Structure formats: structure tokens, C-alpha cells
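# Examining the three-dimensional arrangement
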Amino acid sequence: MKIGVDYYPEHWDRSLWTSDADLMQKTGVKLVRMGEFAWCRFEPIENEFHFEWMDEIIEIFAKRGIDVVLCTPTNCPPLWLCEKYPDIIPTGRDGRKNDAYIRGHRCMNNPHFLEYAKRIIEKMAKHYAKNPAVVAWQIDNELEANFCFCENCTDSFRGWLKEKYTTPANMNKAHGNNVWSGEYSAWTQIRPPFGNNPHAWLNPAFMLDFNRYASDSTVKYLRVQTDIIRKNCPDTKITTNTWFCQNMPDFYKEFSGLDFVAYDNYPTTKIPEDTEECYSHSFHLDLMRGIKRRNFWIMEELSGGLGSWSPMSRTTAPGMLEGYSLQALAHGADTVIHFRWRTAVSGAEMHWHGLIDHSNVPGRRFEEFAHLCKTAEALDFINDTQIRSEVAIIYAPENEWAFKLQPQTEGMFYFEQIRLLHDAFSKYGLNVDIIGPDADISGYKIVAAPQMYVTDENTVKRLYEFAEKGGTVILTNRSGVKDTHNNCIMSQLPTVYRKLVGAYVEEYDPIGRDMIPVQFADGENFSCREWCDILHTESAEAIAYYDGDFFKGKPAVTVNHYGSGRAYYIGTVGQKAFYRHLVRDILTECGLPFVETLPDNVELTERMGDGYKVRFIFNDTDREQSFSIGEEELSLKPFEMKIDRQNV
Ligand code: GAL
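Residues numbered from 1 in each chain as written. Predicted model: local features only at pLDDT ≥ 70, side-chain atom pairs only at ≥ 80, totals over all residues. Heavy atoms only, no water.

### A look at the sheet that holds strand β4 (residues 134-138)
What counts is decided by this rule: A pair of strands is treated as paired once DSSP finds two or more bridges between them. A run of H or I in DSSP becomes a helix once it reaches four residues, and a run of E becomes a strand once it reaches two; helices and strands are each numbered from the N terminus.
Taken together, nine strands build an open sheet; the order of strands is β5-β4-β3-β2-β1-β9-β8-β7-β6 and the sheet is parallel. Unpaired on one side and paired on the other, β5 (237-239) and β6 (241-242) mark the two borders of the sheet. With three bridges joining them, β4 and β5 adopt parallel strand pairing. From the neighbouring strand, Trp137 faces β5, where its bridge partner is Ile238.

### Section: the packing of aromatic side chains
Using the following cut-off: Only rings of Phe, Tyr and Trp enter the pairing, Trp through its six-membered ring, and a pair is recorded when the two centres are within 6.5 Å. The plane angle decides the type: under 30 degrees is stacked, over 60 is edge-to-face, the rest tilted. Each residue is assigned to one of three classes by its accessible area relative to the maximum for its type, calculated with a 1.4 Å probe on protein chains only: buried under 20%, partly exposed between the two thresholds, exposed over 50%. The criterion is that NZ of a Lys, or CZ of an Arg, lies within 6 Å of the ring centre and within 35 degrees of the ring normal, and then a charge sits over that ring.
Enumeration over the complete set of coordinates arrives at 45 aromatic pairs. Each ring, one from Tyr414 and one from Phe415, has its centre 5.8 Å from the other, and the planes form 50°; the classification is tilted. Of the two residues, Tyr414 and Phe415, neither departs from the other in class, the shared state being buried. Centroid distance Phe550 to Phe551: 4.8 Å. Interplanar angle 80°. Geometry classified as edge-to-face. Its relative accessible area of 1% is what places Phe551 among the buried residues. Ring pairing ties together the aromatic residues Phe244, Phe251, Tyr252, Tyr263, Phe283, Tyr395, Phe403, Tyr414, Phe415 and Tyr453, which thus form one cluster. Seen from the ring of Trp12, Arg342 lies directly overhead, with NZ or CZ sitting 4.1 Å from the centre. Sitting over the ring of Tyr508, Arg478 keeps its end group 5.0 Å from the ring centre.

### So, the site of the ligand
Spelled out, the test is: In this text, near means that some heavy atom of the residue lies within 4 Å of the molecule or strand in question. For this analysis, a polar contact is any N or O atom pair within 3.5 Å, provided that within protein one partner can donate a hydrogen and the other can accept it, and provided that sequence-adjacent residues contribute only side-chain to side-chain pairs. For the area figures, the Shrake-Rupley method with a 1.4 Å probe applies, and any residue is considered shielded solely by the protein chains shown. All residues other than Ala, Val, Leu, Ile, Met, Phe, Trp, Tyr, Cys, Pro, Asp, Glu, Lys and Arg, Gly among them, are scored as polar; the first ten of these are nonpolar and the last four charged.
All residues adjacent to the ligand are Phe37, Arg103, Asn141, Glu142, Asp264, Tyr266, Glu300, Trp309, Phe339, Glu349 and Trp352. Arg103 places a polar side-chain atom, nitrogen or oxygen, 2.9 Å from an oxygen atom of the ligand. One nitrogen or oxygen atom from the side chain of Glu300 is found 2.8 Å from an oxygen atom belonging to the ligand. Summarising the interface, the protein chains cover 95% of the accessible area of the ligand, which totals 300 Å² for the free molecule. Here the shell around the ligand is built from residues that sort into five nonpolar, one polar and five charged.

### Considering the sheet that holds strand β20 (residues 602-608)
Applicable threshold: As a rule, the C-alpha atoms of each element are fitted with a line to give its axis, helices using only the stretch in contact, and angles between N-to-C directions run from 0 to 180 degrees. Note on definitions: a residue-residue contact is assigned when non-hydrogen atoms from the two residues lie within 4.5 Å.
The three strands are arranged β20-β21-β24 in an open sheet whose pairing can be described as antiparallel. Among the strands making up the open sheet, the edge pair consists of β20 and β24 (641-647). Averaged over all pairs of adjacent strands, the angle between strand axes in this sheet comes to 20°, irrespective of strand direction. This element, helix α11 (residues 320-330), spans β20, β21 (612-619) and β24 of the sheet and lies at about 145° to β21.

### Focus on a nonpolar patch on the surface
Applicable threshold: For patch building, the residue pool is restricted to those with more than 30% relative accessible area and no salt bridge; the joining distance is 9 Å between like charges and 5 Å between nonpolar side chains (Val, Leu, Ile, Met, Phe, Trp, Tyr). Put simply, a salt bridge is a Lys or Arg side-chain nitrogen that is within 4 Å of an Asp or Glu carboxyl oxygen.
A surface patch of nonpolar side chains, amounting to about 440 Å² of accessible area, comprises Val179, Trp180 and Trp201. Within the secondary structure layout, Trp201 lies in the loop between α7 (168-175) and α8 (204-232).

### What to know about unusual backbone geometry
Along the chain, Phe339 connects to Arg340 via a cis peptide bond; the corresponding omega equals 0°. Relative to the elements of secondary structure, Arg340 occurs in the loop between β9 (333-338) and α12 (364-377). Following Leu493, the chain continues to Pro494 via a peptide bond in cis, the omega torsion being 0°. Structurally, Pro494 can be placed in the loop between β13 (472-476) and α16 (498-501).

### Overview of the pattern of salt bridges
One pass over the structure, following the stated rule, counts 43 salt bridges. A salt bridge links Arg580 to Asp423; the nearest nitrogen and oxygen atoms lie 2.9 Å apart. With Arg580 in helix α17 (residues 576-590) and Asp423 in helix α14 (residues 414-427), the pair connects residues that are 157 residues apart, well separated along the chain. The buried category is assigned to Arg580, whose relative accessible area is 13%.

This is the structure:
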């Protein structure tokens, strides 16, 4: 495991470069990420390039055995370029240019921007191609789906639709534009979804395509950059750093042309008191690993209290900084780079804390970081180990977009049941993969596919095959609701999944924040909320019933034997205990071993090596936890990680 730091040499006086690098070397830092946002230093005046400062700092690090991740600086075009071509600035939904010119101020489809972006990337790629210290490239920064509404983007959206549908008539049919006189007779009539009307006014089919386009548009921009770097630096790995943002692109497409996934990991510094909150970031880490179903990097890791974009948060409590980094390792990260070496003394982000405070006096957090570096050095045996899981949960970006476009009921959001199921499997100490809808599922024992709202026929087919061959599928409410265009399917819910589930929905009640009792056949009682599918069993057997309201006594959860496998259907939404109860039964049915004695938010995961496995037990709470696993008695301090190696 390698530990690194994000370093911005352009923020610091040159006199600090050497002393910073000396301290990094002494501490055990193995790599630094640099160059992000520094376009105006690389090209201060149009067509005048300066790489000598970057060469100098790279050499300082290389002499100390510290590798470099170099970034393309395209997130921040220089102000001379904005002045020359104001059209490069993105346009908002209100049709106005975002004239702050601060960060992310570039339209990914603007020809002027692309011309200059390609040139600087080509210059950098050629210049650093033979520099052995540069071990990887990061493209841009935290790319979101392209929600720009300028003329170039409008053209590119029209082109995207034209390529997909060939004629406006085909598109009208697919989008159901016979409603509200919405039929197009020419591509020029297409406009991106401008205006402040709530999304609810817009056609969901059109809007889902807009989301698809916005994501594809970002991927296209990424490819432009990747191609230039690949051509010039064929042996250097390329990635981009992602996170959970407002307009998330389709991660599976985003990373398909890249060498590895990199994630910016900022777990909470304040542990919520509400025990129903799924605060553990292991969920995000599992999702990141699932994008390529391979180990990944953390490109920015929490180092101190957050701030700047909001009032300052609590600082990292003792143990958190090291614990969260090791938690990332336990979920498949191989390299963890901390944001940032020292807190900025100027600029908008001066209250987002790095490892060292403004004083430049290394303090408590730095000591913990130094300890982490030493811990990581002793973990050589983890290199080349991988996570293997028997359980997968499907996350499909299109479902998420469609849910955001049409919220289903008060309190319901797409990630909720994915997280609740992830919580339930994690509670029993199982590794869990979160995978895309196209991933190969044949190797798993259990595949949960919550809220398969937008239908992709191929995924449906693979879920049937999986159950047929003996797998266990878990489906939930709001599945099979929409066709691939985001129009409703005219058939009884869960439509395409009805045979697999062996039951259908007689009627549903979106109960929002109301609570209704639900009882399992074994007598256990829970409360459900948000949604009630009133189920009618065909070949399925009911395993839980509503215990209130006009549908008292009707099935809420069912199980169906299908082929040599099984399909569970959860018609409602419960709290953590509800899913844990159900998952415990499912694991027992499947014969998968599990641990029942883990306290809440204590995680048990494993990485497999050749002939051995590495076990991680992490106390993701701010209290000491004492518990047993089989005969073994354990006690872990707040945020403590226990790692051991066992031969298999
Ligand atoms: C990240 C971003 C960094 C920095 C950090 C702290 O999301 O990639 O550049 O802004 O947040 O705000």
C-alpha cells in the first residue's frame, strides 16, 4: 500500500519545496499529485509554455524516491483565454454564462477551449513522456456530467439525438411526444431543458436522454484528453478522480477507457447520533471498486476538518485519519493520497484542512499521518491481494437519474435501499461488490437488484438466467416500472420481472413518511414506510405481511423458486433491522457462512492473496468496541483497524 499527498507547488514559496520534500521523504510519502489547476503557470501568456518550475519540483521529489501523478490542468483555463474567448464559459439552465471564472469554468464542447486544451495537454504529454518519475496522469478534476446549455452543447445534444433516432418521427415515438403537442418536425426545434420550471414539467423520456447525453458528453471530453496522453505516453497509466456529486456521470462508461479508478474520499468527521443513518463510507468504497471490479486508488483522502464550501466541520478525531485510510485499503484501495500536504493560506479553500496547518508546524494530525505511513510500509503482503465477494448489489446510473427526475414518494431515493442492503450484508461480515448493470454476475451466490426502475432487457435476461442456474436474486418495489425510454410499461408490476418473482402488484400505496407495521411469517415485527406494493402471489410464497391499513394481511415480501434458484421481492421499504432480518434468512438459505456478533459499524472484510487471506476488522465508531468472533475476543479503540494474515 502506498501513501501519498496532494501537493500544489504553485501555492508555496520555492524556499519551502525542498524542506517539504525532505519531510515527506522522512515521513514515508511515496507519491505526490501535482499540476491540477495550474494552467496559468504552465502557459502564463498565450503560446508561451513554462515547464521548468514543474521540472524542478519533480526532480526534487524524484531524488527522494517520490513518484508523481501529473494532472491535466483543464479544469481551470487561464484568465487570458477567458478574456479572449468568453464563449468558453459554460451556460447555466437560466441561459446565462456563469461569469465567476473561478473553477470548472470551461465548456467541454467549446471549440476554442478544446483547441487550447488539446495544445497544453499535448505539450505536457510530450514534455513528460520520458520522465520516469511521472507514474500516472489524472485528467481534469472531478468531472461531472456536462450540464452546459450553450449553443455548442445544444448542437451536440441535437447531434446525439439524431444519431440515436435518425429521424424526429422516431424520437417522437420513443419519447411519447403525442402528449401536450410535443412532436418535433425538425432537429432545430430541440432545446436543452432550459428554464426554472421544475423537472416535473418536462417529459421524463426526453430528460432521461438529456442525462444520458450529458454523461456521454463528459466521457467524450475525457477521451479527447486520454487519446493525446496515450499517443505520447503509451506506458503511463491514466485515470481521473471522481466523487459523488450532483450530476454524476455514468461511472462505468467514464472509466471504461481509463486504467484504474480514482476516488476522492471525504468520510464524515462527525458521527451521526441517528443509528438509522448509513454513514459508513465503506459503501462508496465498494461502489468504486465495483466500477472496474478491481482495486482502485484514493486520489484525495480526508486529512482534517472540512470547510470553505460550508462552515467548518469537526476536525478528524484521533484515529480517524489513519482508520479511514486503512478502511479504504480494506475495501480495495491500493494507494491513498491525502488532500492536502498543507492547508492553503490563500484562495477560497483556505479553511479546508490539510495534514499540516497554516502555521506550518506539524501537529497531531501529521503525527497520525506519519504513523499511517509506517503502518503502510509494513503491509507489503497486501500488495496484489484482491477482494472476492459472494454477494453483489447492482447500481444502475440510469435508475438514479430517472428517480431524480421523478421523485417517487416523500423520503424515497434510489440509493436508500442499495445502502440498506449493503448495510445488512456488511453487518454479517460479508464482502459486498456494488456493480454496474452490465457486469458479469455469474460468479456470485446472491445478487440484489434494488429498484430496477428503467428496464434494460439484457439485464433482465441475465437476472433470469442467474436465478435459473441456482443464484439468489433480491428485487424490490419500483422494478420494471419503465421501459428503456423512461415511459411506463403497460403491464402489471413488476412487469418484466413478474415470472421471476412469481407475484404481481395488485395496487400500490406511496405512503411517504407514514409508518405501517409489517410482520414476518416467523412472528418478527417491523415498521415499513415510503412505499407499499400490495402483492398477489402466483408461484411465490409470502414471507412477510402488512399488519395495518386497508391492506392488512396482504403480502409485503415474497420468495419464489425459479429454476434452481430463488427470487425474493421486497414490496416495501423498511429500516435497517428489517433488511438485516431478511438478509439473515437469505444467507442461511444460501448456506453462506456469516458472523452474527459484529457491533453496528464494525466492519469485517477480506482480501485474498495467493494461498492466504488478509482479514480486516475496522471499528468505524467513536467508541471502544468489545466483541467476539467465534472463540476470539476482540477489543478495538475508536477507528482502530486490526489486520491479520491467515493461510488458506
Ligand atoms: C475536492 C476537489 C479538490 C478540493 C477539495 C476540497 O472535491 O477535487 O480540488 O477542492 O475537494 O474542497
